[in-house]
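Structural overview
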Amino acid sequence: MKEKHYGLAIFSTLVFIFLLGPLVIISVTSFGPGTVLKFPPDGFSLKWYQNIWAVDMFPKTFVTSIIISLLGNLLALILGVPAAYALSRYHFRGRDLLNAIFLSPVLIPGIVLGFTMLKYVLVMYQLPIYAGLLVGHTVIMLPFIIRVIGSSLSNFDFSIEEAAVSLGAGRLQAFFRVVLPNIRSGIMAAVLIAFLESFNNVDISVFMTGPGISTLPIQMLTYVQNYFDPTIAAISVVLMILTGLLMFVIERLMGGLAYFTKR
Amino acid sequence: MTLLSLEQVSVAYDNHLILENFDLKLEEGKLLSLLGPSGCGKTTTLRLIAGFLEAKGGKFMFDGRDYTHLPVNKRNFGFVFQSYALFPHLSVYDNVAFGLRLRKMKEGQVKEKVLRMLDIVSLNGFEKRFPQELSGGQRQRVAIARALVIEPDLLLFDEPLSNLDANLRVTMRVEIRRLQQELGMTAVYVSHDQEECFSISDQVAIMNAGKIEQLGAPTDIYQYPKTEYVARFIGFNNFLVFDGTRQGNTGLEWTIGDYGFDVQLQAGQSTANTYKGAIRPEDLRIIPLGQLTDLQKSLSNQVPGTVKVSTYLGRSYQFEVQTALGAFTVNQEMDIPIAPGQQVMITFPADKIVMVAQ
């Protein structure tokens, strides 16, 4: 016989309501026909979803966000993969310090990092807005890339790399033909997690966007300051669905979050 | 002909010297084992030869060429790892073909060589399998095939059988020896398993603390260890610490106090050096003291003592005997064991005492 834990059941239900409630409310209000956010809505309408496309800044910033996140991701990979490799493959003096430096963007408050970025990248070095955004997003993605790929390299048997070298492969050949194919899923997960981090980022972007160039979250923020209609709810639902799909892919690739907690 | 020679080689990890002024020579077509406890430098030596480690000093000559600074991938040596180190994302076929494809060989030729090699290691029909679908023994065979197919100038084995179970270990070591001899390969084999090394090698090097204590044919080392370390390592558990010599009934005798021992020196051993006498437990004989006549008791190469422990080993009994010269371990086949507490006489046959350097 299973024991019934009523207390636990009630507590869990409350937690779920607390976590998922806002999402449900947003989803429902996005279908409301009125001009202000209202719960429960007075009827059913898809017009606010159409309005996403009507406000041309939304599709435009969506594209900007995607491009910045993808390009930044690529840059973060180019920097992060060799860093993760070196940090897990070799034991050298200053390794822990280097590790801490690479992870520091997640430890520093986003506002501080964003402001510093503004000060240096845009004000001091006069980089174009687009380039500045890209640099900022690369920096915030780097720790995730290094952390996730590092964790898949930490249980990597480097003797297979030595085997490849002993069979005549050069160092790069061995890396691309033997190491990389065996940490594929780690790299995919790193890319997806970093992508989400960058795509949803507000605190860095808010300092780095400028006239005519903005990311979707910043555009949403600006929109909410001026209008209070359900468009914002509709776009949130679209983003939730996209994020959900990505998380589903990560889940399938990595066996979910267990991958990050088991070591 | 000497194929491989390490000359005055030194290797250090973080300023900690593992090998210092290390010398080693190997003839073409021979299998040399490096044997010793963990930390003795045997794996370091192997990795140095492979090129995974670079020497701090000294020279590594191979086939008349200086290999000291030659990168691993230019050496054309086959390396068999303890963990097999198969490529998990490649099939058995692609694992074996890996080295050939790096050599830009035509796919038709690759196929021919891979299939022939899989046949040699009795893995025909396994081409499409992946490493995780194979048993330990099969994986090791793939690893050996992968190392052999590139027709290496030298084969290196790093404890290749230590992850296998006991029966398979015996089968595989016979297999490795057969392949090495059939293909006329020169090989260096690292293991901490004595029996394994002795059974497959032409030469065995017993290593201790970064030095070779003794290098020789397995039978020579087994019968005539030169140092106390080697003797202990290969099962000479009993030692006689001599304090002088005297003229006995049959010639020169070594003494410990009043006890005299007739021993046979090996070629090159002088009477001047101080030696220890080493003897295996199974070469000692014990007999209850009461069964001996006074005349027999007065002979040399004997020490009286008391049995402290008697252990049944299956084929024989093992006795711990306490004597005036210390405790000795004796293995002896007998029907009725001598009970603890009994007075016995231990006999040390002169031809079984091996004189070793202290």
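Because the structure is a prediction, the values reported are computed rather than measured. Position numbers for residues start from 1 in each chain and track the written sequence from start to end. Both sets of labels track the order of writing: A upward for chains, 1 upward for ligands. For this predicted model, a pLDDT threshold of at least 70 governs which residues receive local features, and a threshold of 80 or more governs which side-chain atom pairs are given and counted, while totals over whole chains, interfaces and linings are taken from all residues. Hydrogen atoms and water are omitted, and side-chain values are computed over all heavy atoms in the structure.

**Regarding the overall build of chain A**
Quick reminder of the rule: Under the scheme used here, helices are H or I runs from DSSP no shorter than 4 residues and strands are E runs no shorter than 2 residues, and both carry numbers assigned from the N terminus. Buried means the residue's accessible area, taken with a 1.4 Å probe over protein chains only, is under 20% of the maximum for its type, while exposed means over 50%, and partly exposed covers the values in between. In this description, contact between two residues means that some pair of their heavy atoms is separated by no more than 4.5 Å. Surface accessibility follows the Shrake-Rupley procedure with a 1.4 Å probe radius. Residue values consider only the protein chains on display as shielding. His residues and chain termini do not enter the charge count, which takes Lys and Arg as positive and Asp and Glu as negative. Note that the charge is assigned to NZ on lysines, CZ on arginines, CG on aspartates and CD on glutamates.
In terms of regular secondary structure, chain A is built from 13 helices and 0 strands. Each helix (α) and strand (β) of chain A, taken in turn from the N terminus, gives the series α-α-α-α-α-α-α-α-α-α-α-α-α. By principal-axis analysis of the C-alpha atoms, chain A measures approximately 70 × 70 × 30 Å. Across the 263 residues in chain A, those meeting the buried criterion constitute 41%. Within chain A, contacts between residues at least 6 apart in sequence are counted, and of these 72% link residues at least 24 apart. Surface accessibility of chain A: about 14,700 Å² in total, with carbon and sulfur atoms responsible for 72%. In chain A, which carries 16 positive and 11 negative side-chain charges, the distance between the mean positions of the two groups comes to 5 Å.

**Points about the side chain of S30 of chain A**
Relative to the elements of secondary structure, S30 of chain A occurs in the loop between α1 (6-29) and α2 (47-54). In this structure S30 of chain A touches S45, W48, Y49, P230, A233, A234 and V237 of chain A, once residues within four positions along its chain are discounted.

**Brief notes about the pairing of strand β15 (residues 275-279) of chain B**
Taken residue by residue, a regular strand's side chains alternate between the two faces of the sheet. Residue and element names in this part refer to chain B. Stated formally: The pairing criterion for strands is at least two bridges between them, as found by DSSP.
With 5 of 5 residues buried, β15 is to be regarded as a mostly interior element. Burial along β15 is two-sided: the face carrying Y275, G277 and I279 and the face carrying K276 and A278 are both buried. As paired strands, strand β11 (residues 238-241) and β15 are joined by 4 bridges and run antiparallel to one another. Each bridged residue has a counterpart across the sheet, and for F239 the counterpart in β15 is A278. Pairing between β15 and strand β21 (residues 354-357): 4 bridges, direction antiparallel.

**Here's the deal with the sheet that holds strand β13 (residues 252-256) of chain B**
Residue and element names in this part refer to chain B. Selection criterion: Axis definition: a line fitted to C-alpha atoms, over the contacting stretch in the case of helices. Angles run 0 to 180 degrees between N-to-C directions.
The strand order across the open sheet formed by 3 strands is β12-β13-β14, and the pairing between neighbours is antiparallel. Edge positions in the sheet fall to β12 (244-247) and β14 (259-261), since each of these pairs with one other strand and no more. Each adjacent strand pair in this sheet contributes to an overall mean axis angle of 45°, direction not counted.

**With respect to the pattern of salt bridges**
Residues and elements named next belong to chain B. Just so we agree on the cut-off: In the sections that follow, a salt bridge refers to a side-chain nitrogen of Lys or Arg positioned within 4 Å of a carboxyl oxygen of Asp or Glu.
As enumerated under the stated definition, the model contains 17 salt bridges over all chains in all. With a closest N to O distance of 3.9 Å, E175 and R178 form a salt bridge. Separated by 3 residues within a single helix, E175 and R178 lie in helix α5 (residues 166-182), roughly one turn from each other. Given a relative accessible area of 17%, E175 falls into the buried group. Each of R141, E175, R178 and E182 takes part in a single network of salt bridges with overlapping partners.

**Focus: the sheet that holds strand β1 (residues 2-13) of chain B**
Residue and element names in this part refer to chain B. Strand order in this open sheet of 4 strands is β2-β1-β4-β5, and the pairing throughout is antiparallel. Looking at which strands have only one partner, the edges of the open sheet turn out to be β2 (16-27) and β5 (65-66). Relative to β5, strand β4 (residues 57-62) runs antiparallel, the two being bridged by 2 bridges. Bridge pairing in β5 links M61 to D66.

**What to know about the domain arrangement of chain B**
Residues and elements named next belong to chain B. For clarity, the threshold we go by: The split of the chain into domains comes from an automatic or database domain assignment. Values labelled buried area give the accessible surface lost by two parts on being combined, using a 1.4 Å probe and summing over both. Contacts described as polar in this section are N or O atom pairs within 3.5 Å, which, within protein, must combine one atom able to donate a hydrogen with one able to accept it, while residues neighboring in sequence count only if both atoms come from side chains. Classes in brief: Ala, Val, Leu, Ile, Met, Phe, Trp, Tyr, Cys and Pro nonpolar; Asp, Glu, Lys and Arg charged; the others, Gly included, polar.
Under the domain assignment, chain B is made up of domain 1 (2-226) and domain 2 (233-357). In this structure, domain 1 and domain 2 have C-alpha centres spaced 41 Å apart. Between domain 1 and domain 2, the contact holds 12 residues from the first and 9 residues from the second. Taking both partners together, domain 1 and domain 2 bury about 860 Å²; carbon and sulfur atoms supply 64% of that area. On the domain 1 side of the contact with domain 2, Y222, P225 and K226 bury the most area, a combined 49% of that side's loss. Here domain 1 and domain 2 share 0 salt bridges between them. Where domain 1 touches domain 2, the interface holds 3 residue pairs in polar contact (both at pLDDT 80 or more). With 3 residues, the single largest contributor to the side of domain 1 that touches domain 2 is helix α7 (residues 218-223). When the residues that make up the side of domain 1 that touches domain 2 are grouped by side-chain class, the tally is 8 nonpolar, 3 polar and 1 charged.

**Considering the UniProt feature "domain: ABC transporter" (unreviewed entry) in chain B**
Convention followed: UniProt positions are given in the numbering used here, feature names are shortened, and annotations may be inferred rather than shown by experiment.
Taking the UniProt record as the reference, the feature "domain: ABC transporter" (unreviewed entry) is found at residues 4-234 of chain B. Secondary structure within residues 4-234 of chain B divides into 36% helix and 26% strand; the distance between the first and last C-alpha atoms comes to 27 Å.

**Let's talk about the layout of surface pockets**
Short version of the rule: In the cavity and pocket records, a cavity denotes points on a 1 Å grid over the protein atoms alone where a 1.4 Å probe fits but cannot get out, a pocket denotes an open set with protein on both sides within 12 Å along at least 5 of 7 lines, and lining residues are residues with an atom within 4 Å of a point. Grid points are joined across faces, edges and corners, and a volume is the space filled by probe spheres set on the points.
If you add up the space inside the largest pocket, you get close to 800 Å³. For the largest pocket, the lining is made up of 24 residues, of which R89 and Y90 of chain A together with R47, F52 and L53 of chain B are closest to its centre. Among the elements that make up the lining of the largest pocket, the one with the highest residue count is helix α7 (residues 159-166) of chain A (3 residues). Taken together, the residues of the lining of the largest pocket break down into 10 nonpolar, 6 polar and 8 charged.

**Structural notes on the UniProt feature "domain: ABC transmembrane type-1" (unreviewed entry) in chain A**
When the UniProt feature table is mapped onto this chain numbering, "domain: ABC transmembrane type-1" (unreviewed entry) sits at residues 62-250 of chain A. In the segment residues 62-250 of chain A, helix accounts for 81% and strand for 0%; the C-alpha atoms at its two ends are 22 Å apart.

**Quick look at the interface of chain A and chain B**
Listed as interface residues are 17 residues of chain A and, on the opposing side, 20 residues of chain B. For the pairing of chain A and chain B, the buried interface totals around 1,600 Å² over both sides, and the portion due to carbon and sulfur atoms is 63%. At the junction of chain A with chain B, the criterion picks out 1 salt bridge. With a shortest N-O distance of 2.5 Å, R47 of chain B and E162 of chain A are connected by a salt bridge. At the junction of chain A with chain B, the criterion picks out 7 residue pairs in polar contact (both at pLDDT 80 or more). Mapped onto the side of chain A that touches chain B, the elements with two or more residues apiece are α7 and α8 (171-182) of chain A. Counting residues per element, the side of chain A that touches chain B draws most heavily on α7 of chain A, at 7 residues. Of the residues assigned to the side of chain A that touches chain B, the class counts are 8 nonpolar, 6 polar and 3 charged.

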